[in-house]
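As a plain string of letters, each chain reads:
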Amino acid sequence: MGARLNVQIDVPDALLATPLPPMLLQTLVENAIKHGLEPRPGDGTVWIFARRQDGRVAVTVADDGKGFDTQASGTGIGLKNARERLKLIYAGQASLAIAANFPHGVAATINVPEHYSEERTHG
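Conventions adopted
- Residues numbered from 1 in each chain as written.
- Predicted model: local features only at pLDDT ≥ 70, side-chain atom pairs only at ≥ 80, totals over all residues.
- Heavy atoms only, no water.
- Helix = DSSP H or I, 4+ residues; strand = E, 2+ residues; numbered from the N terminus.
- Buried < 20%, exposed > 50% of the residue type's maximum accessible area, 1.4 Å probe, protein only.
- Contact = heavy atoms within 4.5 Å.
- Areas by Shrake-Rupley, 256 points an atom, 1.4 Å probe, with all protein chains shown as cover.
- Axes fitted to C-alpha atoms, helices over the stretch in contact; angles between N-to-C directions.
- Parallel < 35°, antiparallel > 145°, perpendicular 65-115°, else oblique.
- Left-handed = near helix turned anticlockwise from the far one by under 90°.
- Nonpolar A, V, L, I, M, F, W, Y, C, P; charged D, E, K, R; others polar.
- Salt bridge = Lys/Arg side-chain N within 4 Å of Asp/Glu carboxyl O.
- Pairing = 2+ DSSP bridges.

**Some points on the overall build of the protein chain**
And step 1. Looking only at helices and strands, the protein chain has three helices and five strands in total.
And step 2. Ordering the α and β elements of the protein chain from the N terminus gives β-α-β-β-α-β-β-α.
And step 3. Across the 123 residues in the protein chain, those meeting the buried criterion constitute 29%.
And step 4. A fraction of 70% describes how many contacts in the protein chain between residues 6 or more apart in sequence connect residues 24 or more apart.
And step 5. Total accessible area computed for the protein chain in this model is approximately 7,600 Å², and 55% of it derives from carbon and sulfur atoms.

Below you can see the structure in the form of C-alpha cells.
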C-alpha cells in the first residue's frame, strides 16, 4: 500500500514483552491490510494497541477499511487457525474476538492471561 498505509501503535512499555504465539499478531495485521484497506481507494490506518485489565492483556488490531460485507474476500482459515492455536497454547484461557470498528473497518482482539506458563499445558 506504500504511502496509503498509516500505522499507529499504542502499547504501554510494560506490555511490550507480553508473549504471544509466533506470527499471530502478524496474521491480524495482514488481514487488516489485505481484506480491509487494500480493496478500498485512498488512505487507510491500522491501529495496534494493548491494555491490561484484571490480570489479562488485550491486544487489538483495528483498521478503518471496508469492514464486513457479504462478499468476503478470504476463507477465514487464518482466523480459525489463530483461535485454535490460542486454545491449545493457553488451555482455553485465551480468545480472539472480531467485531466491527465503527464507523468503518474491523477490530480483532486477542485476550490472554497476563502471566501464563506454557508448562501448565504440558505438566
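**Re the packing of helix H1 (residues 24–37) against helix H2 (residues 77–89)**
And step 1. Look at H1 against H2: their axes get within 11 Å of each other, and the N-to-C directions meet at 155°. Relative to H2, the element H1 is oriented roughly antiparallel. The way H1 lies across H2 gives a crossing that is left-handed. Between H1 and H2, the residues in contact are Leu24, Thr27, Leu28 and Asn31 and Gly78, Leu79, Ala82, Arg85 and Leu86, respectively.
And step 2. Across the contact of H1 with H2, the residue classes tally to five nonpolar, three polar and one charged.

**Let's talk about the pattern of salt bridges**
And step 1. Under the defined criterion, the tally for this structure stands at three salt bridges.
And step 2. Residues Asp10 and Arg51 are paired through a salt bridge, measuring 2.6 Å at the closest nitrogen-oxygen approach. Of the two residues, Asp10 is situated in strand E1 (residues 5–10) and Arg51 in strand E2 (residues 44–53); the sequence distance between them amounts to 41 residues.
And step 3. We classify Asp10 as partly exposed; its relative accessible area is 41%.

**Considerations on the side chain of Thr45**
And step 1. Checked against the element boundaries, Thr45 lands in strand E2.
And step 2. Residue class for Thr45 comes out buried when judged on its relative accessible area of 9%.
And step 3. In contact with Thr45, other than residues within four places in its own chain, are Asn6, Gln8, Leu37, Ala62, Asp63 and Asp64.

**A closer look at the pairing of strand E3 (residues 56–63)**
And step 1. Taken across its eight residues, E3 has six buried, putting it largely inside the fold.
And step 2. The pairing of E2 with E3 spans eight bridges and is antiparallel. The partner of Phe49 across the bridge, within E3, is Thr60.
And step 3. The hairpin turn running from E2 into E3, its antiparallel successor, is two residues long, and Asp54 in that turn takes a positive phi close to 50°.

**A look at the environment of Ala107**
And step 1. Looking at where Ala107 falls in the secondary structure, it is placed in strand E5 (residues 106–113).
And step 2. As a C-alpha pair, Ala107 and Asp63 span 44 residues in sequence and 6.5 Å in three-dimensional space.

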